[in-house]
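Listed below, chain by chain, are the residues.
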Amino acid sequence: MEELEPGLRRIVAPNPSPMTYTGTCSYVIGTGAVGVVDPGPADPAHLQTILDGLARGERISHILVTHAHLDHSPGARLLADATGAPVLAFGPPEAGRSPIMAELAASGMAGGGEGVDHGFHPDEPLGDGETLSHGDWQVTALHTPGHFCNHLSFVLGDAVLTGDVVMGWSSTLISPPDGDLSDYYLSLERIDALSPRILYPGHGAPVSDPRGLISEQRAHRESRSAQILENLRRRPATPHALTQAIYTDIPPALLPAAERNVFAHLVEMTQQTLVAPAPHLHPKALFSLT
């Protein structure tokens, strides 16, 4: 277990992949009666590493989950069973969905990417802006959807644990109907408005220049939208065709995730009436400029 600063430790789960980088970061906050943020996948060995890393006499009093993806939340129930600590999160996987994403989900569209933990349900809901204090630690929950609709970030003093909405190694995947680009932009603004000293993401190294990285990640998305519009000026296209035209330098195995990102941009541009889908908003629709 690595101490990042007083009152904050980290253990990286052994689940590296193209979607998770070196693995999911599990955080231990406080001392004595501690909180654990994102126990990670249902990996008994990783959970035992968390337990073994506690100091003598320490115990887990709360388990906090940023969002219900399979690389973040399944370990929460196993850790709760082992310790008796309650699991706290914004809500079940569909909590916090925007109306347009709820419509897409109702039409039968399912998410992609890291995989949804459909069985996840917290013992206690943790609302936006709610502060949790215990022992020598205190965190404030912020609802920061975009990567995932039930996503929370946790404010710890002048630091923010950002889960997957801001990561230290890559821009985040936005995969409708669980991911929402409009919400993502708002979440970036909300985190930036806090002027945090440092960000501790769900994957990758701590971010020592939060404002710079947030600006870069927003610019990256805006650049992607510009590429999509440039292609649509030539001719109408489907998300699949746009992905093939834009993502020419990534491994083929990552193209499905890239296509989800493209569709997320098209949903946001549909809401702005920049583009129109035919016959209706769908991942296989034909999009044209309005």
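Whatever comes next refers back to the structure up there.
The structure displayed is predicted, hence computed values, not measured ones.

Engineer: With reference to specific residues and values, describe the pairing of strand 3 (residues 25-29).
Structural biologist: The buried fraction of strand 3 amounts to five of the five residues, a majority that puts the element mostly inside the structure. Across the two faces of strand 3 the burial is the same, with Cys-25, Tyr-27 and Ile-29 and Ser-26 and Val-28 all buried. Relative to strand 3, strand 2 (residues 8-12) runs antiparallel, the two sharing five bridges. Counted as the bridge partner of Val-12 is Cys-25 from strand 3. With three bridges joining them, strand 3 and strand 4 (residues 33-37) adopt antiparallel strand pairing.

Engineer: Outline the environment of Pro-145, supporting the account with residue identities and numerical values.
Structural biologist: By the secondary structure assignment, Pro-145 is in the loop between strand 9 (137-143) and strand 10 (152-156). As a C-alpha pair, Pro-145 and Arg-224 span 79 residues in sequence and 20 Å in three-dimensional space. Setting aside chain neighbours within four positions, we find Pro-145 in contact with His-151, Val-165, Asp-183, Tyr-184 and Ser-187.

Engineer: Give a detailed account of the layout of surface pockets, specifying residues and quantitative values.
Structural biologist: By volume, the largest pocket amounts to about 460 Å³. Lining the largest pocket we find 21 residues, and of these Ser-170, Ser-171, Tyr-247, Leu-254 and Asn-261 sit closest to its centre. Those elements that provide at least two residues to the lining of the largest pocket are helix 5 (210-234) and helix 7 (255-271). Top element by residues in the lining of the largest pocket is helix 5. It accounts for four residues. The class makeup of the residues in the lining of the largest pocket is eleven nonpolar, six polar and four charged.

Engineer: Tell me what's going on with the packing of aromatic side chains, and back it up with residues and numbers.
Structural biologist: Going through the model one piece at a time under the given rule, you end up with four aromatic pairs. For the pair Phe-263 and Phe-287, a centre-to-centre distance of 6.5 Å together with 70 degrees between the ring planes defines the contact as edge-to-face. Note that Phe-263 is positioned in helix 7 and Phe-287 in strand 14 (residues 286-289), a separation of 24 residues in sequence. Here Phe-263 falls in the buried class, since its relative accessible area comes to 1%. Its guanidinium or amino end placed over the ring of Tyr-185, Arg-218 lies 4.2 Å from that ring's centre, counting from NZ or CZ.

Engineer: An account of the sheet that holds strand 12 (residues 198-201) is requested, with residue identities and associated values reported.
Structural biologist: Reading across from one edge, 8-9-10-11-12 is the order of the five strands in this open sheet, with mixed pairing throughout. Both edges of this open sheet fall to strand 8 (131-134) and strand 12, since each of them pairs with a single strand only. Each adjacent strand pair in this sheet contributes to an overall mean axis angle of 25 degrees, direction not counted. Pairing analysis gives four bridges linking strand 9 to strand 10, with the strands arranged antiparallel. What sits directly across from Thr-140, in strand 10, is Val-155.

Engineer: With reference to specific residues and values, describe the pairing of strand 1 (residues 2-5).
Structural biologist: Pairing analysis gives three bridges linking strand 1 to strand 2, with the strands arranged antiparallel. Of the residues in strand 2, the one forming a bridge with Glu-5 is Leu-8. Here strand 1 folds back onto strand 2, and the loop between the two strands holds two residues, one of which, Gly-7, carries a positive phi near 85 degrees.

What counts as what
- Residues numbered from 1 in each chain as written.
- Predicted model: local features only at pLDDT ≥ 70, side-chain atom pairs only at ≥ 80, totals over all residues.
- Heavy atoms only, no water.
- Buried < 20%, exposed > 50% of the residue type's maximum accessible area, 1.4 Å probe, protein only.
- Helix = DSSP H or I, 4+ residues; strand = E, 2+ residues; numbered from the N terminus.
- Pairing = 2+ DSSP bridges.
- Contact = heavy atoms within 4.5 Å.
- 1 Å grid on protein atoms, 1.4 Å probe; cavity = no way out; pocket = protein on both sides within 12 Å on 5 of 7 lines; lining within 4 Å.
- Points joined across faces, edges and corners; volume = space filled by probe spheres on them.
- Nonpolar A, V, L, I, M, F, W, Y, C, P; charged D, E, K, R; others polar.
- Phe/Tyr/Trp six-rings, centres within 6.5 Å; stacked < 30°, edge-to-face > 60°.
- Lys NZ or Arg CZ within 6 Å of the ring centre and 35° of its normal.
- Axes fitted to C-alpha atoms, helices over the stretch in contact; angles between N-to-C directions.

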